[in-house]
Amino acid sequence: MAKYLMLKHYRGGPEQRPNAVQPMDRWTPQEVSDHIAFMDHVIDVLTERGEFVDAQALSPEGTFVRFDGEGRPPVTDGPFAETKDVIAGWMIIDVDSTERAHEAAAFLSSAPGPGGLPLEEWIEVRPFLQDAPAGAE
Amino acid sequence: MTGPGDGVAADRTDVAGLLRELGPPVLGALVRRGADFATAEDSVQEALVEAARRWPADLPADPRAWLVTVAWRRFLDARRADEARRRREEQVTAAPGQGPTEQDDDTLLLLSRCCHPSLSPASAVALTLRAVGGLTTAQVARAYMVPEATMAQRISRAKRALSGQSFDRPGDVQNVLRVLYVMFTEGHTGEVDLAREAVRLTRQLAVATADPEVAGLLALMLLTDARRAARWTRRGELVPLAEQDRSAWDTAAIAEGVRLLQAALARDRLGEYQVQAAIQALHDDAATAAETDWVQILEWYDELVALADTPVVRLNRAVAVGHADGPPAGLRALDAVAPDVPRRVAVEAYLHELAGARVLAADLYARAAGTATSVPERHHLLRRAAALRNAPEDRAVAPPAEDRYT
């Protein structure tokens, strides 16, 4: 088994899919509810298969922070409203193969949007590095 | 408390429940004997672990006495083992040896230690849940969705912070109330229902003290929690107060809350929790959202501002003004609230919606969704924006959202 991070972006990915152009507050309330219900459904299905590890949504706005020398307060910058790419949240899964991870990501990407059609949002899949080298010498 | 059978084998669940019930009074007994709180808490935890191992096969005739004996022995061992600790000045309890060793007194005694002002609210809540609530570290950790080791460390740091403090003042009740209120508002997402736990502890505290603010806080919790079943849809969506199915409210909890509040108010020592309870009682009292007595609610908010003038109180007051004196007055009241106060944009959106400015309200709801601090709240605000954008111009939208979800 190997762990994968599935990153959901507000913006970003190779190109914006046509059905994902419209912001969510312009959908109908029912479309919003159906989308959210589908996300819960994905978690249920992955849990049922013994693959779900964690899911977390992030606030769209954050701050950049860095060290600025001993005894000095941290330096902050942002938030940047027009950043190209914003991470919306993630899911972590523990699965048998890369193929299975991609299948799960595609399932997540099929979440319904306006008109009940799949959003086809790009999901970034990142394998976890193992804590220890795998296998015997 | 009903005593268990003598010397019989007990089943697992009975033992777990019994240990949870007995932990706090046993800790109280040790502290009362003059043990310092931090060491006593460790000793009781060890005694509970031993009991959990032995009791399923052999339940002692007097479980409480057994625990006190074992915990006290552990305490003395710990003292002997650590010379430095031995030299440490002994903590003197507020009134050693005075009064009966009743559980009521122990609750107050322990709560005042766990909720010491030197602790952050998060630490105080964690310590209270374990030492007074009788939860295990693992349960407290799951309630906060942090690793058990992290929670164990948080609790032991809190106890270390306490070991240098004096406890001469017999329980600053105000501090205890603040911690219990924080615990209540943490909600109930995990396996441990923190809101219910807070109600249980406040109930115990109300038995131990006649302070009307304790009764006020208990009333506030009951009057708010009474709406719990109506506050969420089956799919986990937030339902604003104005749209809730009022027949799903817990009328017994409301009746008890109102009774407690009336008795507290009659004592003529008004405080912020009594005022907040009065506001919730007025919401609970309305048969429909339209019948809500906003004029009286606004009067209570004015009392609240006089007692505790915080940005959050001002924000909620602006909603009451919007209903009592009209949306423009509400928006003027909102001007005095700093722009960075959480949920301010959502309230602004709501007041514009009340005023019929649909497009502006939708834009503001969408903006508010971007800064929401919880997933259900974010989704609720998005749906609100969507509803306003999709409503035909000549037809009324669903009843407007109430600002308070609780």
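Remember, predicted model here, so these are calculated numbers, not experimental data. Numbers given to residues run from 1 along each chain, matching the order in which its sequence is written. Numbering of ligands from 1 and lettering of chains from A proceed in the order in which they are written. Confidence filtering applies because this is a predicted model: local features only for residues at pLDDT of at least 70, side-chain atom pairs given and counted only at 80 or more, and all residues used for totals across whole chains, interfaces and linings. No hydrogens and no water enter the side-chain calculation; it runs on all heavy atoms of the structure.

## Structural notes on the overall build of chain B
Looking only at helices and strands, one finds 20 helices and zero strands in chain B. Counting only residues that meet the buried cut, chain B has 51% of its 406 residues in that class. For chain B, the exposed surface amounts to about 18800 Å²; the carbon and sulfur share of it is 52%. Helix and strand assignments come from DSSP, with helices taken as H or I runs of at least 4 residues and strands as E runs of at least 2, each series counted from the N terminus. Burial classes: relative accessible area under 20% of the type maximum marks a residue as buried, over 50% as exposed, and values in between as partly exposed (1.4 Å probe, protein chains only). All accessible areas in this document rest on Shrake-Rupley with a 1.4 Å probe, and a residue is counted as covered only by the protein chains that are shown.

## A word on the packing of aromatic side chains
Stacked, tilted and edge-to-face pairs are distinguished by plane angle, under 30 degrees for stacked and over 60 for edge-to-face with tilted covering the rest, among Phe, Tyr and Trp rings (Trp via its six-membered ring) whose centres lie within 6.5 Å. Under the criterion given, the structure shown has four aromatic pairs over all chains. Plain terms: the ring middles of Phe38(A) and Phe107(A) are 5.4 Å apart, the flat faces sit at 70° to each other, and that makes the pair edge-to-face. With Phe38(A) in helix H1 (residues 29-48) and Phe107(A) in helix H2 (residues 98-109), this residue pair connects regions lying 69 residues apart in the sequence. Given a relative accessible area of 15%, Phe38(A) falls into the buried group. The exposure class of Phe107(A) is partly exposed, given its relative accessible area of 26%. Directly above the ring of Trp72(B) sits Arg33(B), whose terminal nitrogen or CZ lies 4.9 Å from the centroid. Charge-over-ring placement is defined geometrically: NZ (Lys) or CZ (Arg) within 6 Å of the ring centre, and within 35 degrees of the ring normal.

## Considerations on the sheet that holds strand E5 (residues 86-95) of chain A
In sheet architecture, strand pairing relies on hydrogen bonds along the backbone and comes in two forms, parallel and antiparallel. Residues and elements named next belong to chain A. When DSSP finds two or more bridges between two strands, those strands count as paired. Here four strands make up an open sheet; going across it, the order is E2-E5-E1-E6 and the pairing antiparallel. Looking at which strands have only one partner, the edges of the open sheet turn out to be strand E2 (52-57) and strand E6 (123-127). For this sheet, the mean angle separating the axes of adjacent strands, direction not counted, is 20°. Across five bridges, the pairing between strand E1 (residues 2-11) and E6 is antiparallel. Directly across from Leu5, in E6, lies its bridge partner Arg126. Residues count as neighbours in contact if any of their non-hydrogen atoms are within 4.5 Å of one another. Only C-alpha atoms enter the line fits that serve as axes; for helices the fit covers just the stretch in contact. Angles between N-to-C directions range over 0 to 180 degrees. Running at roughly 25° to E5, H1 makes contact with E1, E2 and E5 of the sheet.

## Remarks on the domain arrangement of chain B
Per the annotation, domain bounds derive from an automatic or database assignment of domains. We note that the domain assignment places domain 1 (1-87), domain 2 (112-163 + 170-205), domain 3 (210-308) and domain 4 (310-390) within chain B. Here the C-alpha centroids of domain 2 of chain B and domain 4 of chain B sit 32 Å apart.

## A word on the interface of chain B and chain A
Buried accessible area, meaning the area lost when the parts come together, often serves as the stated size of an interface. With 15 residues of chain B at the contact, the number on the chain A side is 17 residues. For any pair of parts, buried area is found by adding up, for both, the accessible area (1.4 Å probe) each one loses once the two are put together. In total, chain B and chain A occlude about 1300 Å² of area from one another, counting both sides; carbon and sulfur atoms represent 56% of this. Salt bridges are counted wherever a side-chain nitrogen of Lys or Arg sits within 4 Å of a carboxyl oxygen of Asp or Glu. Along the contact surface separating chain B from chain A lie two salt bridges. With a closest N to O distance of 2.7 Å, Asp25(A) and Arg389(B) form a salt bridge. Looking at the side of chain B that touches chain A, the elements with two or more residues in it are helix H19 (358-370) and helix H20 (375-390) of chain B. Taken together, the residues of the side of chain B that touches chain A break down into six nonpolar, three polar and six charged. In this classification, Asp, Glu, Lys and Arg are treated as charged, Ala, Val, Leu, Ile, Met, Phe, Trp, Tyr, Cys and Pro as nonpolar, and every other residue, Gly included, as polar.

## Re the layout of surface pockets
Residues and elements named next belong to chain B. Lining residues are those with an atom within 4 Å of a point, where the points come from a 1 Å grid over the protein atoms alone and group into cavities, where a 1.4 Å probe fits but cannot get out, or pockets, open sets with protein on both sides within 12 Å along at least five of seven lines. Grid points are joined across faces, edges and corners, and a volume is the space filled by probe spheres set on the points. In this structure, the second largest pocket spans a volume of roughly 540 Å³. As for the second largest pocket, its lining consists of 24 residues, and the residues nearest its centre are Ala16, Leu19, Arg20, Gly134 and Thr136. Breaking the lining of the second largest pocket down by element, the ones donating at least two residues are helix H1 (12-32), helix H2 (37-54), helix H6 (121-131) and helix H7 (137-144). Tallying contributions element by element places H1 first for the lining of the second largest pocket, with eight residues. Split by residue class, the lining of the second largest pocket holds 13 nonpolar, six polar and five charged. Each of domain 1 (1-87) and domain 2 (112-163 + 170-205) gives at least three residues to the lining of the second largest pocket.

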